[in-house]
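Spelled out from the first residue to the last, the chains are:
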Amino acid sequence: MTIRMLIVGAPGAGKGTQAGALAAAFDVPAISTGDIFRANIKNGTELGKKVQAITEQGQLVPDSLTNELIQDRLGQADAANGFLLDGYPRTAGQVDFLTELLASEGAKLDVVIELVTDEDAVVTRLLKRAQEQGRVDDTEEVIRHRQHVYREQTAPILDIYAARDALVKVDGMGTVEEVAQRILDGLAAAGF
Ligand code: B4P
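Rules and cut-offs
Residues numbered from 1 in each chain as written. Predicted model: local features only at pLDDT ≥ 70, side-chain atom pairs only at ≥ 80, totals over all residues. UniProt positions renumbered as here; feature names shortened; annotations may be inferred. Buried ≥ 20, exposed ≤ 12 C-beta atoms within 10 Å, placed from the backbone. Helix = DSSP H or I, 4+ residues; strand = E, 2+ residues; numbered from the N terminus. Pairing = 2+ DSSP bridges. Expected span 1.5 Å × (residues − 1). Contact = placed C-beta atoms within 7 Å. Core = buried A, V, L, I, M, F, W, Y, C linked by C-beta atoms within 7 Å. Axes fitted to C-alpha atoms, helices over the stretch in contact; angles between N-to-C directions. Parallel < 35°, antiparallel > 145°, perpendicular 65-115°, else oblique. Left-handed = near helix turned anticlockwise from the far one by under 90°. Nonpolar A, V, L, I, M, F, W, Y, C, P; charged D, E, K, R; others polar.

Under the annotation held in an unreviewed UniProt entry, the protein chain carries the name Adenylate kinase and is attributed to Gulosibacter bifidus. As its UniProt record puts it under Catalytic activity (unreviewed entry), the protein chain is described as follows: "AMP + ATP = 2 ADP". Regarding the protein chain, the UniProt comment filed under Pathway (unreviewed entry) reads as follows: "Purine metabolism; AMP biosynthesis via salvage pathway; AMP from ADP: step 1/1."

Trainee: Could you clarify how one ought to interpret the pairing of strand 4 (residues 111-116) in this entry?
Mentor: If a strand is regular, its side chains alternate between the two faces of the sheet. Among the six residues that make up strand 4, five are buried, leaving the element largely enclosed by the rest of the structure. Sheet analysis places strand 1 (residues 3-9) next to strand 4, joined by five bridges and oriented parallel. Each bridged residue has a counterpart across the sheet, and for Ile7 the counterpart in strand 4 is Ile113. Note: strand 4 against strand 5 (residues 167-171), five bridges, orientation parallel. Paired with Val112 across the bridge in strand 5 is Leu167.

Trainee: Is there a simple way to explain helix 1 (residues 15-26) in this structure?
Mentor: Because an α-helix completes one turn every 3.6 residues, residues spaced three or four positions apart along the sequence face the same direction. Helix length check: helix 1 (twelve residues) gives 16 Å between terminal C-alpha atoms against 16 Å at 1.5 Å per residue, within 8%. At its buried positions, helix 1 is contacted by strand 1, strand 2 (30-32), strand 3 (82-86), strand 4 and helix 9 (176-189). Asp27, located one to two residues past helix 1, shows a positive phi value of around 55°.

Trainee: Would you mind going over the nonpolar core with me for this structure?
Mentor: Generally speaking, nonpolar side chains in soluble globular proteins are found buried as a group. Counting residues in each nonpolar core, the largest one holds 33 residues, and the members touching the most others are Leu6, Ile7, Leu84, Val112 and Ile113. When neighbours within four sequence positions are excluded, Leu84 is seen to be in contact with Met5, Ile7, Ala19, Leu22, Ala23, Val28, Ala30 and Ile31.

Trainee: So what exactly am I meant to see when it comes to the packing of helix 1 against helix 9 here?
Mentor: Each pair of packed helices can be described by the angle between their axes along with the distance between the axes. Interaxial distance between helix 1 and helix 9 falls to 10 Å at its minimum, and their mutual angle equals 45°. In this view, helix 1 runs oblique relative to helix 9, as classed from their interaxial angle. For helix 1 against helix 9, the interelement crossing comes out right-handed. Contacts between helix 1 and helix 9 involve Thr17, Gln18, Ala21, Leu22 and Ala25 on the former and, on the latter, Val176, Val179, Ala180, Ile183 and Leu184. Residue composition of the contact of helix 1 with helix 9, by class: eight nonpolar, two polar and no charged.

Trainee: I would appreciate a short explanation of the sheet that holds strand 1 in the present structure.
Mentor: In a beta sheet, neighbouring strands pair by backbone hydrogen bonds and run either parallel or antiparallel. Pairing within the open sheet is parallel, and its five strands lie in the order 2-3-1-4-5. The sheet is open, and its two borders are formed by strand 2 and strand 5, each paired with just one other strand. Averaged over all pairs of adjacent strands, the angle between their axes in this sheet comes to 20°, without regard to strand direction. Both strand 2 and strand 3 contribute to a ladder of three bridges, which runs parallel. Among the inter-strand pairings, Ile31 is bridged to a residue of strand 3, identified as Leu85. Relative to strand 3, helix 1 is tilted by about 175°, and along the sheet it contacts strand 1, strand 2, strand 3 and strand 4.

Put into structure tokens, the structure is as follows:
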């Protein structure tokens, strides 16, 4: 089965945490723009140099760079029969770009999974990750800013997908296993 999915949620909602197993369940690659940016920063690439300060401050990388990256990644062979995008699109401009990119190949998104979480509880999750992994954008100040950016720029795009009847909302609070099961149940109820 070909399936093109997105997983969307506020910072710390559990997107990256859920993406691997979910993608494996549908036999598609999980593609995380955040992971790709972090790998480029770590490897000191030209792209990494351009985005390092932006991501460390919790700002969004400009659409032009992010869209180009996604176009390249979705053009790779393993994405030909579907994918799970994690953390993209995050702006209305990215939604338009992705819609047009897929339409140019006669394709469209099948389903968008929204993880719904409590803002204060996810700050606690992210501060725990800061202790374990030392991610530089996981300080309380930067987390609060990322939440603000999410409310302003990313949350509104969910209305676009709701209007297309492609949105599955899932309660993202609880254990990782509980959330994973709710996602599978939500997808099954939507016919996937
Ligand atoms: P992301 O990498 O997408 O960062 P994130 O929102 O924190 O999500 P992540 O997937 O890492 O964490 P998760 O919620 O799974 O983006 C980082 C930055 O890259 C952005 O700020 C931006 O600068 C840039 N960027 C990325 N995409 C972009 C785009 N499209 N356009 C422009 N800029 C872009 O998990 C968080 C923590 O919670 C983990 O420690 C996890 O263990 C824990 N957790 C998860 N589920 C849990 C549960 N059920 N219970 C307890 N803990 C849980």
